[in-house]
Structure formats: structure tokens, C-alpha cells
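Residues per chain, in single letters:
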Amino acid sequence: MSVCGIIAEYNPFHNGHAHQMRMAREQSGCGLIAVVMSGHFVQRGEPAILDKWSRARMALMSGADLVVELPCLHAVRPAEIFARSGIHLLSAMGCECFSFGSELSEASLLQLADISRNEPEPFRSIMRQALDRGESHARARGRALSELSGLSEAAVNQPNASLALEYLKANQALERPMRPLVIPRVGGGYHDPTLSELGSASAIRAALERGEKDPALQAMPAPCAEMLSRAYPHQTANPKALDNLLLYALRGMSIEAMRALADMNEGLEYRILRAAQTAASREGLLEAVKCKRYAHARLSRLLLAAPLGLTRELARAHPLPEYIRVLGFRDTALPLLRRIRRSSPLPLVTDPAAFKQKRHPVFELEARSTDLWGLLTDDPKARQAGRDYTFPLVRMESHTIQNRRNFP
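Residues numbered from 1 in each chain as written. Predicted model: local features only at pLDDT ≥ 70, side-chain atom pairs only at ≥ 80, totals over all residues. Heavy atoms only, no water.

**Q** Tell me about the environment of Asp379, residues and numbers included.
**A** In this fold, Asp379 is placed in the loop between helix H21 (361-374) and helix H22 (387-390). Take Asp379: its relative accessible area is 15%, and that puts it in the buried class. Residues Asp379 and Thr236 lie 143 residues apart in sequence; the distance between their C-alpha atoms is 8.2 Å. When neighbours within four sequence positions are excluded, Asp379 is seen to be in contact with His234 and Gln235. (Helix = DSSP H or I, 4+ residues; strand = E, 2+ residues; numbered from the N terminus. Buried < 20%, exposed > 50% of the residue type's maximum accessible area, 1.4 Å probe, protein only. Contact = heavy atoms within 4.5 Å.)

The following block contains the structure:
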């Protein structure tokens, strides 16, 4: 029972994801595909367009055998933590290899991973000079990697390349590393706004915002497109609905409380608190706070930490995922689930209602993130509190999808 792992967000699931999953199965030779997927908020600190159970269902309909959740505490964090946590979960599930898409070759990525892991003096020197010029940490790091590897900065700084690099570093740090499998990315870039049959998730979301629903759906497998079509717009998240909730949370915080948020440093709390008093929207706040040193994604994550209560103390106390929470599975994954329950170093969570009694702080944060996401929709059911403890996991039998609370 060989398993190939994938770390993803599927925001939403599109034809490029289907291609990667198909190639991963074929080229790895593995019989099963296990996906670690972020929940209701993605790594850039933004709400996912669809709820996590719908996105898990899309993955299962498109070839995945098992979908588990990357906890919000680890998903809405810098790339290093996102990647390390995803790799940790794949390893705990017994994956023999893991696959990801990238514009760079495996050889180039391994070269970058080696430089980044060892940080030779020339690397540190270039980093220091770039930071002294006011560049963001991510941009400075990209510049150093580019100069030492001979690759262009544009190539090194691609989001896919940055995450791929972190996946490789995290995998190399494992006691028993998995086999990496790089699938060349097809279609547009990660944030390419061009809509096509192989358009990016960003392009699909942008097209929906422009009212171009039918062209957007062409970039998705037919069953996934049908799901999104039925859900949009009342059962999907409206990012603008986050504005008032976010501003209210920030304006009510003290400097001490804001300083305690995860990944807050360098006095940034003063800058955010001042801007929150006058900003009229989330984007307006980001515009007021941004500068060369702070990348948009980093600021977006920092802002989201406020309404979620994602604190530095919580992050330090739980540096890696401590359980494997199943969102959905196909019957083909039943032997794998039994093996995970029997031999994984992490507990398998298939009944969140029972897990609620443990009052796990990471799972409680997950429940808050689901409640917050629900308030960004017009769906009365999604707006109810506590759905993380009551919503059944997704089970696929043959060609049908069923909701069940547990598995045999």
C-alpha cells in the first residue's frame, strides 16, 4: 500500500491540479494519493472561496483517496511553517513520496534547498545587505539564492518555487525523508490573471469577481465546476465581508494584545494599530501599512491573526500538527486509515465531536476559523457556530459522494 502525498489549498480545484494529481499517481507508481489541505483560510491570510469539505470533495472526485486538514495554526503562516507542517503530516501518514508542481527542475530546487539549508557566508552577506536596504526578508532571501545559484530572481521568487524549496528542506530534515516528485507546472503562473483552460486558481477567482462565471468554470474539471456553479455566490466566501469584522477586532485591541499575535515583530503593531483607526477596508489597511520590508502576504496573515486569536504563545506551544484530522476519503483509503490509526505517531481524528472533549487549543482555533469563514457567506447553515464539531466528513463510495460521521 504505497502512498504519494500532496500539500495543497485547492482554492478552487482546477484542471492544473487534476493534471498534477494524475501525473503524481502515474510517475510515483503509488497506489494511493493522500492530500494535506488547508482549511477555511489559505496561506496568504485570505478566506478560501469554498468551505473545506466542498474542496475536499472536489479533490476526491478528481483522484485523491484521502484528504486531511492542515490546521489553521500552521496553514496561515509563513511558507517555512506551512511546508514543514504539511511534510510532517504526510510523513506521519506513512507516505513514501510527495509530489508538487514547479516551474523549476528538481535539480535546480535541490540546489536552492542546499544553499538555503546551509546558509554559507556569501548567502548571509547578500541577505544582510538587502535587508539593510529595506527589502523584505523574502525578497532578500530570493536575491541571495539567485546570486549563488545563477538562477534569475524572477524564477527563484515564484510562489511555487518558494514553497517547493521549503518542502524539500523540511523533507531533508526528516529522520526518514520521503522521495520528492516534481511535476512541471502547466498553464499560467501561480498568480497569472489570464483565464484559460489551464488557468490558475487566482484567475478563476478574479473571473468570478468580474462576473465571468462561465469562462471561469472552463478551467475546472466538470464535476468541480458544477459544484462551484451551484455554490456561487451564496455559499462561497465574500472576501470584502471580512473588512468590518477585521477592523472591529483590530480597533478593540491593545498594543500588548497585538504584540502577542503570532509572527508580529519589529514594532509593526504600532503601525497596524494606527492605520486601523482610519482605514475603511482591509485592502485600505494593507495599503497604509505596506512598505518594502513587509510583503503583502505577510501583512495579510498578521491581520487575520487578530480576529482568530492566533497568538505567538499558541504557535510556540504547538510548532507542528499534533493530530491527523480527516476531511474526507474514498473507500480505497480504508486500509490506509486503519494503518494510520494503528501505527502513526499522531492520533487520527475522524469524529470531531468526540475530540471536542479534549479541548485541544489548536482544534479550538480551527473551530473559530470555521465560524469566522461562515460569517463571510450568505448561507444560513454556514453562518451557524460550531460546524467543525458537527459537520460530517466526506466519504466517496464508487462514483457517489456520501457524508458520514465516521468510518468502520
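**Q** I'd like a description of the packing of aromatic side chains, backed by residues and values.
**A** Scanning the entire structure with this criterion turns up eight aromatic pairs. The interplanar angle of 25° and the centroid separation of 4.2 Å between the aromatic rings of Trp53 and Phe391 together place this pair among those described as stacked. Of this pair, Trp53 sits in helix H2 (residues 52-61) while Phe391 sits in the loop between H22 and strand E8 (393-397), and the two are 338 residues apart along the sequence. For Phe391, a relative accessible area of 23% corresponds to the partly exposed category. Centroid distance Phe363 to Tyr389: 5.5 Å. Interplanar angle 40°. Geometry classified as tilted. Here Tyr389 lies in helix H22 and Phe363 lies in helix H21, a separation of 26 residues in the sequence. By relative accessible area, Phe363 is classed as buried at 1%. Within the aromatic cluster, the residues linked to one another by ring pairs are Tyr323, Phe355, Phe363 and Tyr389. Over the face of the ring belonging to Tyr389 we find Lys356, whose NZ or CZ atom lies 4.9 Å from the ring centre. (Phe/Tyr/Trp six-rings, centres within 6.5 Å; stacked < 30°, edge-to-face > 60°. Lys NZ or Arg CZ within 6 Å of the ring centre and 35° of its normal.)

**Q** For the environment of Leu50, give the residues involved together with the corresponding values.
**A** For Leu50, the location among the structural elements is in the loop between strand E2 (32-38) and H2. Here Leu50 falls in the buried class, since its relative accessible area comes to 2%. Here the alpha-carbon distance between Leu50 and Ala237, two residues 187 residues apart in the chain, equals 6.5 Å. Contact partners of Leu50, with chain neighbours within four places excluded, come to Arg55, Met58, Leu228, Ala231, Gln235, Thr236 and Trp373.

**Q** Pulling in residues and values, what's your account of helix H16 (residues 282-289)?
**A** Listed as buried for H16 are Arg282, Leu285, Leu286 and Val289. Buried residues of H16 fall within an arc of 100° about the axis and therefore sit on the same side. On its buried face, H16 sits against helix H13 (242-251), helix H15 (268-276) and helix H17 (296-308). Near the N-terminus of H16, the side chain that reaches the backbone nitrogen of Gly284, with its oxygen 3.0 Å away, is that of Ser281. (Arc of directions from axis to C-beta. Polar contact = N/O pair within 3.5 Å; in protein donor to acceptor, adjacent residues only side chain to side chain.)

**Q** Can you break down the nonpolar core residue by residue, with the values?
**A** One finds Leu66, Met93, Tyr167 and Ile324 to be the most contacted residues of the largest nonpolar core, which totals 53 residues. Per-element accounting of this core gives the leading share, seven residues, to helix H9 (residues 159-172). Aside from chain neighbours lying at most four places away, what touches Leu66 is Ile33, Ala34, Val35, Leu60, Met93, Val326, Gly328, Phe329, Ala333, Leu336, Leu337 and Ile340. In terms of nonpolar packing, the next biggest core, distinct from the first, is built from 49 residues, Ala48, Leu73, Leu261 and Leu376 among them. (Core = buried A, V, L, I, M, F, W, Y, C linked by side-chain atoms within 4.5 Å.)

**Q** So what's going on with the environment of Glu266? Residues and values would help.
**A** With respect to the helices, strands and loops of the structure, Glu266 is situated in the loop between helix H14 (255-259) and H15. Between the C-alpha atoms of Glu266 and Val35, which are 231 residues apart in sequence, the distance is 36 Å. Glu266 has contacts with Arg293, Tyr294 and Arg298, leaving out every residue within four places of it along the chain.

**Q** A description of the pairing of strand E6 (residues 324-330) should follow, citing residues and the corresponding values.
**A** Successive residues of a regular strand alternate their side chains across the two faces of the sheet. Among the seven residues in E6, six count as buried, and that is most of the element. The pairing of strand E3 (residues 66-70) with E6 spans three bridges and is classified as antiparallel. If you follow Leu66 over to E6, its bridge partner there is Phe329. Note that E6 and strand E7 (residues 348-349) share two bridges and pair parallel. In the sheet register, Arg325 faces E7, and the bridge partner there is Val349. For the handedness criterion, the β-α-β arrangement of E6, helix H19 (residues 334-343) and E7 is classed as right-handed. Bridge analysis of E6 against E8 gives three bridges, and the strand direction is parallel. (Pairing = 2+ DSSP bridges. Right-handed = clockwise from strand over helix to strand, strands pointing away.)

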